[in-house]
Amino acid sequence: MLLPRKLLPWRRPTQGAQTLADRLLRSSSSLSDSDDDPPFTRIPNRPPRAPSNPPPHKPKAPAGKIRPDEPAHSDLPFDFRYSYSEMDPAWRPIGFREPTRFSPFGPGRLDRPWDGAAAARVGEGSSGAERSREEVLGEPLSEEEVAELVERYRHSDCSRQINLGKGGVTHNMIDDIHNHWKRAEAVRIKCLGVPTLDMDNICFHLEDKTGGKIIYRNINILILYRGRNYDPKQRPAVPLMLWKPLAPIYPRLVQNVAEGLTFEETKELRNRGLQSPPLTKLTRNGVYVTVVEKVREAFKTVEVVRLDCCHVGTSDCKKIGVKLRDLVPCIPILFKDEQIILWRGKINQEHPVPVQCTSRPQ
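Keep in mind the model is a prediction, meaning the values are calculated, not measured.

**Q** How do you make sense of the overall build of the protein when you look at a structure like this?
**A** A count of helical and extended segments in the protein gives eight helices and eight strands. By residue count, 37% of the 362 residues in the protein fall in the buried class. Accessible area for the protein stands at about 23500 Å²; split by element, carbon and sulfur atoms hold 53% of it.

**Q** Would you take a moment to explain the nonpolar core for this structure?
**A** One broad trend across soluble globular proteins is that nonpolar side chains are buried collectively. Ranked by internal contacts, the top residues of the largest apolar core, which has 20 residues, are Leu197, Leu307, Ile320, Leu324 and Leu342. Counting only elements with at least two residues in this core, the list comes to helix H7 (291–298), strand S6 (304–308), helix H8 (314–327) and strand S8 (339–343). With four residues, the single largest contributor to this core is H7. The next biggest cluster of nonpolar side chains, apart from the first, holds 17 residues, and it includes Ile177, Trp181, Ile189 and Leu206.

**Q** Would you take a moment to explain unusual backbone geometry for this structure?
**A** Most peptide bonds are trans, and most residues other than glycine sit at a negative phi. Val328 connects to Pro329 through a cis peptide bond whose omega is -10 degrees. Its location among the elements puts Pro329 in the loop between H8 and strand S7 (331–336). With phi around 60 degrees, Ile219 is a residue other than glycine that occupies positive phi space. Among the structural elements, Ile219 can be located in the loop between strand S3 (213–218) and strand S4 (221–225). For Ile219, a relative accessible area of 53% translates into the label exposed.

**Q** Which parts of the structure should I look at to understand the sheet that holds S3?
**A** Within a sheet, adjacent strands bond to each other through the backbone by hydrogen bonds, running parallel or antiparallel. Spatial ordering of the open sheet is given by S1-S2-S4-S3, a layout of four strands whose pairing is mixed. In this open sheet, the two strands that pair with only one neighbour each are strand S1 (161–164) and S3. Looking at each pair of strands side by side, their axes are set apart by 25 degrees on average, direction ignored. The pairing of S1 with strand S2 (residues 186–191) spans four bridges and is parallel. In the strand pairing of S2, Ile162 is matched with Ile189.

**Q** Honestly, the pattern of salt bridges in this entry has me stumped. Any pointers?
**A** A side chain with one charge may pair with a side chain of the opposite charge, provided their charged atoms come close. Taken as a whole and assessed by the stated rule, the structure comprises 14 salt bridges. The partner of Lys323 in a salt bridge is Glu86, with the nearest N and O atoms 3.5 Å apart. Placement of Lys323 in helix H8 and of Glu86 in the loop between helix H1 (15–30) and helix H2 (128–137) is noted, with a sequence separation of 237 residues between them. Residue Lys323 shares its accessibility class with Glu86, and that shared class is buried. Between Glu297 and Lys300 there is a salt bridge, and its shortest N-O distance comes to 3.3 Å. Judged by relative accessible area, which is 45%, Glu297 ranks as partly exposed. Classification of Lys300 by relative accessible area gives exposed; the value is 61%. Members of the salt-bridge network, linked through shared partners, are Glu148, Arg152 and Glu185.

**Q** What is the right way to look at the state of the cysteines in this model?
**A** A covalent bond bridging the sulfur atoms of two cysteines is what the word disulfide describes. Going through the model one piece at a time under the given rule, you end up with zero disulfides. Sulfur of Cys310: no disulfide; nearest cysteine sulfur belongs to Cys309 and is 9.2 Å away. The exposure class assigned to Cys310 is partly exposed, which follows from its relative accessible area of 27%.

**Q** Honestly, the side chain of Ser103 in this entry has me stumped. Any pointers?
**A** Relative to the assigned elements, Ser103 resides in the loop between H1 and H2. Accessibility expressed as a relative area gives 15% for Ser103, which makes it buried. Contacts of Ser103, omitting those with residues within four sequence positions, involve Trp114 and Trp243.

**Q** Looking at this model, I keep getting lost on H8. Mind explaining?
**A** Between its first and last C-alpha atoms H8 spans 20 Å; for 14 residues at 1.5 Å apiece the expected length is 20 Å, and the two agree. For H8, the complete set of buried residues consists of Asp316, Cys317, Ile320, Gly321, Val322, Lys323, Leu324 and Arg325. Each element contacted by the buried residues of H8 is listed here: helix H5 (199–210), H7, S6, S7 and S8.

**Q** Even after reading the chapter, I still don't get the sheet that holds S7, so can you show me in this structure?
**A** Strand order in the open sheet formed by four strands is S5-S6-S8-S7, with mixed pairing between adjacent strands. The open sheet terminates on both sides in strands that have one partner only, identified here as strand S5 (280–281) and S7. For S6 and S8, the ladder comprises five bridges, and the chain directions are antiparallel. Within S8, the position partnered with Asp308 by the bridge is Gln339. In the packing of helix H6 (residues 263–275) onto the sheet, the strands contacted are S6, S7 and S8, and the crossing angle to S7 comes to about 65 degrees.

Parameters and conventions
Residues numbered from 1 in each chain as written. Predicted model: local features only at pLDDT ≥ 70, side-chain atom pairs only at ≥ 80, totals over all residues. Heavy atoms only, no water. Helix = DSSP H or I, 4+ residues; strand = E, 2+ residues; numbered from the N terminus. Buried < 20%, exposed > 50% of the residue type's maximum accessible area, 1.4 Å probe, protein only. Areas by Shrake-Rupley, 256 points an atom, 1.4 Å probe, with all protein chains shown as cover. Core = buried A, V, L, I, M, F, W, Y, C linked by side-chain atoms within 4.5 Å. Pairing = 2+ DSSP bridges. Axes fitted to C-alpha atoms, helices over the stretch in contact; angles between N-to-C directions. Salt bridge = Lys/Arg side-chain N within 4 Å of Asp/Glu carboxyl O. Disulfide = S-S within 2.5 Å. Contact = heavy atoms within 4.5 Å. Expected span 1.5 Å × (residues − 1).

Listed below in structure tokens is the structure:
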């Protein structure tokens, strides 16, 4: 006989459980509203955004022109050259390595015509540039002011420094000096290489082309002062060279037979010079301040002098020979294996350097 099924005591719902179930049902119905969902943030109902006006159309900037609308003009009272200290206007080239119509200032960028070696100034120069230079320099500096400037700029860790290399005083260096003068009263110039043979020439061109004044000179270190009344806003316009022009072609520096000698005598002097001990050894981009005096002293006792220019380079060897020919003076008779052979010339000659050899090397 089957007994009636009875609910076990643990299956019977209690009054507390029924109340909890009703509460959960009410809370689940309220979760349908997104405002009461704590893990998420309510998104406010915003009105639709009005269509914004498109930004005005900006015309594209035109690409850089190679040829400007108007050529640049400069009132500097001298001809523009690549190097002012290493190129003499008296040197007459016999040819050019590139067409003279290609100006290093760019096509149509300068109102001065380029002839292959220089851009001659337009019009005659006046004495107004000299008066303006005196006005810019102002009153001379006192000894205390000079000592203060020298102490500030003479050290090797000076940030206002320009290195002067074998190109000498170049055209773009003038612009670099004026850029330093915007924020500093003076600039430190460190000279190396061939130009150090004639430091007086460097000082002259620095003062002449920039309008400043050399207030300190020690071996190959110079300090160039801008002047009391210098105004960066009134600095002269210096058009920049866009590339280095190729050097013109000049007559040969060394003749096959030296003037006043026969071929056998010239050959004998060359062999004697190659076998003689070198007077001094020059290094690449070195300081050659004392070389001229050494050669002059050597010529008092010997007739031929040899300079060892190992690792200097063929081009620099010829430049050294040209400067020594004019400064000593003497006659270069041989350039071989980076060796320079110099002849002092005949003793009875008043000017040992022949007139026909007053040209720059190739």
